[in-house]
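Residues per chain, in single letters:
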Amino acid sequence: MDTAYMSAILPSLLSGTKLTLFIFFATLLISLPLGLPFALGSISRFAPFRVLAKGYIWIFRGTPLMLQLFFVYYGLPIMFGASLRMTNMTAAVVTFACNYAAYFAEIYRAGIQSIDAGQHEAAKSLGFTSWQTMKIIILPQTIARVIPPISNEVITLVKDTALVTAIGVGELLKAAKDANNRDVNPTAFFMAAIIYLALTFLLTLLSQWCEKRFSRHERKEI
Amino acid sequence: MSILNIEHVTKKFGGFTALNDVSLNVEKGEAVAIIGSSGSGKSTLLRCVNNLERVTTGKITVDGKVLVDTVDGKAVYPKEAEIRTICTKTGMVFQHFNLFPHLSCIDNITSAPINVLKIPAEQARVEAMRLLGVVGLTEKADSYPAQLSGGQKQRVAIARALAMNPQIMLFDEPTSALDPETTNEVVSTIQKLVEQKITMLIVTHDMRFARNSATRVIFMDEGSIIEQNTPDKLFNHPENPRLQAFLNSIH
């Protein structure tokens, strides 16, 4: 193992990691809340909301993320004018946020609908409005149930960020590929793999903590 | 004074008639038990009173307010907000408790008074502690439902319904999901409410309770009220053959 070579390329990999993390956090910051209105829309009694939300989810789950990325970065400015031209970083975050919101919407919807009908009945019989029922009774219980599938998506997101290499964002995978091409030495790929693994390991710990934290009330003892 | 008045209520689920022209009047302070085999419409009747089901035709009046009336053969309900106000006059206790698992017992009891009746949190808490005293669970105020036995959960559910200060309590088979030992603690809690002259309508399979605690017992079969009387007369001198058959089948 050539430790001198490894420490020589480490800074470029770490600055790639910084971009990866930026895309990762920016995507979550937008998509986690954005999924909720689409989830509520898809189970709304008002048909136009339902059609809108389900159509959105269908499109973003039904086409490849890479295609969406190309469409936002290359396609939008050509079709709708130069005002929609974005930097590749912005295009990456916009695409990822919209795509992940669709997946989170489905997770939230399934979580909301998994709550026992008796909870709705109890809330209704106590005089809660449907909005109060959602806010005070249903959503707080949904959180505990959606944490495992959300964690799954979040870990997938770490690795999906590598796709933005395709529009030239210099994130972790691109930094590794550049080093490999320049030095004809695959060490950078191994180092990138270790960084990805470290990130997903931390996220796994975080999700385990969240699961415990949000299901405290289900334990027999406190 | 009539607290609950049900007039000619019919409820159909598709082609199936769950309630067939049911009329019933409950006076203040009465404890009315409804008995009958499964599928006789007992629970459906209770759920119509609490707007968990909508009637097909008929009229229901709760504490002088019309929940539903029938115009030209169609059931007409008032606006949502009005329905909610009327339904807060009824307190529902479910077979499967339906406590909110993410809230402690005290929060289960105070959430509706605070959010629906807009009672100040501190006042709601004091009242909730009093009610926990009534059901004998003061020490469980900060426990979560998962930490309680079935009987304890049902007693908290009773306190939660009482906290809305309802004009009438509706019990939908409150002891059917409980084992025999915990059944007793729930039954004696309800008996305590009977002694306090709290008006109630209670669907039950517990004949001992119906016989000992109810002021009136109603027998339902195939969506209709077949016979009603004082517990003594209904159980000891049943007139209708279907009631006689029912009573024979459970003894």
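Rules of the game
- Residues numbered from 1 in each chain as written.
- Chains lettered and ligands numbered in written order.
- Predicted model: local features only at pLDDT ≥ 70, side-chain atom pairs only at ≥ 80, totals over all residues.
- Heavy atoms only, no water.
- Pairing = 2+ DSSP bridges.
- Helix = DSSP H or I, 4+ residues; strand = E, 2+ residues; numbered from the N terminus.
- Axes fitted to C-alpha atoms, helices over the stretch in contact; angles between N-to-C directions.
- Contact = heavy atoms within 4.5 Å.
- Phe/Tyr/Trp six-rings, centres within 6.5 Å; stacked < 30°, edge-to-face > 60°.
- Buried < 20%, exposed > 50% of the residue type's maximum accessible area, 1.4 Å probe, protein only.
- Lys NZ or Arg CZ within 6 Å of the ring centre and 35° of its normal.
- Core = buried A, V, L, I, M, F, W, Y, C linked by side-chain atoms within 4.5 Å.
- Salt bridge = Lys/Arg side-chain N within 4 Å of Asp/Glu carboxyl O.
- Buried area = accessible area lost by both parts, 1.4 Å probe.
- Polar contact = N/O pair within 3.5 Å; in protein donor to acceptor, adjacent residues only side chain to side chain.
- Nonpolar A, V, L, I, M, F, W, Y, C, P; charged D, E, K, R; others polar.
- Patch = residues over 30% accessible without salt bridge, like charges linked within 9 Å, V, L, I, M, F, W, Y side chains within 5 Å.
- Areas by Shrake-Rupley, 256 points an atom, 1.4 Å probe, with all protein chains shown as cover.

**Describing the pairing of strand E5 (residues 65–71) of chain B**
Residues and elements named next belong to chain B.
Thought 1: In this structure, strand E4 (residues 57–62) lies alongside E5, joined through 3 bridges in antiparallel fashion. When the sheet's bridge partners are listed, Val-62 is paired in E5 with Lys-65.
Thought 2: Hairpin geometry of E4 and E5 is characterised by an intervening segment of 2 residues between the two adjacent antiparallel strands and by a positive phi of about 50 degrees at Asp-63.
Thought 3: Judged from the 3 bridges that link them, E5 and strand E6 (residues 74–76) form a sheet pairing that is antiparallel. In the strand pairing of E6, Thr-70 is matched with Ala-75.
Thought 4: Taken together, E5 and the strand that follows it, E6, pair antiparallel across an intervening segment of 2 residues, in which Asp-72 is found at a positive phi of about 55 degrees.

**Description of the sheet that holds strand E9 (residues 200–203) of chain B**
All names here are of chain B.
Thought 1: Strand order across the open sheet formed by 6 strands is E7-E8-E9-E3-E10-E11, with mixed pairing between neighbours. Single-partner strands in this sheet number two, and they are strand E7 (90–93) and strand E11 (224–229). The sheet shows a mean angle of 20 degrees between the axes of neighbouring strands, taken without regard to direction.
Thought 2: Relative to strand E10 (residues 216–221), strand E3 (residues 31–35) runs parallel, the two sharing 4 bridges. Bridge pairing in E10 links Ile-35 to Phe-219.
Thought 3: Helix-sheet contacts for helix H1 (residues 42–49) involve E3, E7, strand E8 (168–172), E9 and E10, and the interaxial angle to E8 is about 145 degrees.

**Regarding the packing of aromatic side chains**
All names here are of chain A.
Thought 1: Enumeration over the complete set of coordinates arrives at 12 aromatic pairs over all chains.
Thought 2: Summarising the aromatic geometry, the rings of Tyr-56 and Phe-60 are spaced 4.7 Å apart at their centres and angled 40 degrees between planes, so their arrangement reads as tilted. One end of the pair is Tyr-56 and the other is Phe-60, both in helix H2 (residues 47–62) and 4 residues apart, which spans about a single turn.
Thought 3: With a centroid separation of 5.9 Å and an interplanar angle of 40 degrees, the aromatic rings of Phe-70 and Tyr-74 are classed as tilted. Here Phe-70 pairs with Tyr-74, and both are found in helix H3 (residues 65–80), just 4 residues apart, close to one helical turn.
Thought 4: Classification of Phe-70 as partly exposed rests on a relative accessible area of 33%.
Thought 5: Within the aromatic cluster, the residues linked to one another by ring pairs are Phe-96, Tyr-100, Tyr-103, Phe-104 and Tyr-108.
Thought 6: In this structure, Arg-213 is placed above the aromatic ring of Phe-214, and the distance from its NZ or CZ to the ring centre is 5.2 Å.

**Concerning the nonpolar core**
Within soluble globular proteins, side chains that are nonpolar tend to cluster in buried spots.
Thought 1: Within the largest apolar cluster, 48 residues are counted, with the highest numbers of intra-cluster contacts made by Leu-13 and Phe-104 of chain A.
Thought 2: Elements with a minimum of two residues in this core: helix H1 (3–42), H2, H3, helix H4 (88–113), helix H6 (130–160), helix H7 (172–183) and helix H8 (187–214) of chain A.
Thought 3: No other element matches H4 of chain A, which puts 11 residues into this core.
Thought 4: Ignoring any residue separated from it by four or fewer positions in sequence, one finds Leu-13 of chain A in contact with Leu-172, Ala-175, Ala-176, Ala-188, Met-191 and Ile-195 of chain A.
Thought 5: In this structure, Ile-112 and Phe-128 of chain A together with Ile-3 and Ile-34 of chain B belong to the second largest nonpolar core, which totals 47 residues.

**What about the pattern of salt bridges?**
Thought 1: Applying the stated rule across the entire model yields 13 salt bridges over all chains.
Thought 2: Residues Arg-130 of chain B and Glu-127 of chain B are paired through a salt bridge, measuring 3.0 Å at the closest nitrogen-oxygen approach. Placement of the pair is Arg-130 of chain B and Glu-127 of chain B together in helix H4 (residues 121–134), with a separation of 3 residues, close to one helical turn.
Thought 3: The structure contains a network of salt bridges with shared partners spanning Arg-61, Glu-106 and Arg-109 of chain A.

**Thoughts on the interface of chain A and chain B**
Thought 1: With 23 residues of chain A in contact, the opposing surface of chain B contributes 25 residues.
Thought 2: Here chain A meets chain B over a buried area of about 2,100 Å², counting both sides, of which 60% is carbon and sulfur.
Thought 3: Our count for the contact surface shared by chain A and chain B stands at 1 salt bridge.
Thought 4: Residue Glu-121 of chain A pairs with Arg-47 of chain B through a salt bridge whose shortest N-O separation is 2.7 Å.
Thought 5: Between the two partners, chain A and chain B, sit 6 residue pairs in polar contact (both at pLDDT 80 or more).
Thought 6: Sorting the residues of the side of chain A that touches chain B by element identifies helix H5 (117–125) and H6 of chain A as the ones contributing at least two each.
Thought 7: For the side of chain A that touches chain B, the element with the highest residue contribution is H5 of chain A, accounting for 7 residues.
Thought 8: In terms of residue class, the side of chain A that touches chain B is built from 8 nonpolar, 8 polar and 7 charged.

**A few points about unusual backbone geometry**
Thought 1: Within the chain, Val-184 of chain A stands out as a residue other than glycine whose phi angle is a positive 45 degrees.
Thought 2: Relative to the elements of secondary structure, Val-184 of chain A occurs in the loop between H7 and H8.
Thought 3: If you check the backbone angles, Lys-118 of chain B has positive phi at about 60 degrees while not being a glycine.
Thought 4: Of note, Lys-118 of chain B is situated in the loop between helix H3 (105–115) and H4.

**Some thoughts on a nonpolar patch on the surface**
Thought 1: Taken together, the side chains of Leu-67, Phe-71, Ile-78, Met-79, Phe-80 and Leu-84 of chain A make up a nonpolar region of the molecular surface, amounting to roughly 630 Å² of accessible area.
Thought 2: Note on Met-79 of chain A: relative accessible area 52%, which makes it exposed.

**Topic: the sheet that holds strand E1 (residues 2–13) of chain B**
All names here are of chain B.
Thought 1: Across the sheet, 5 strands lie side by side as E2-E1-E4-E5-E6; this open sheet has antiparallel pairing. Two strands close off the open sheet at either side, each with one partner strand: strand E2 (16–27) and E6. Neighbour-to-neighbour, the strand axes of this sheet turn through a mean angle of 15 degrees, independent of strand direction.
Thought 2: Running over the sheet, helix H2 (residues 80–87) touches E4 and E5 and is turned about 125 degrees from E5.

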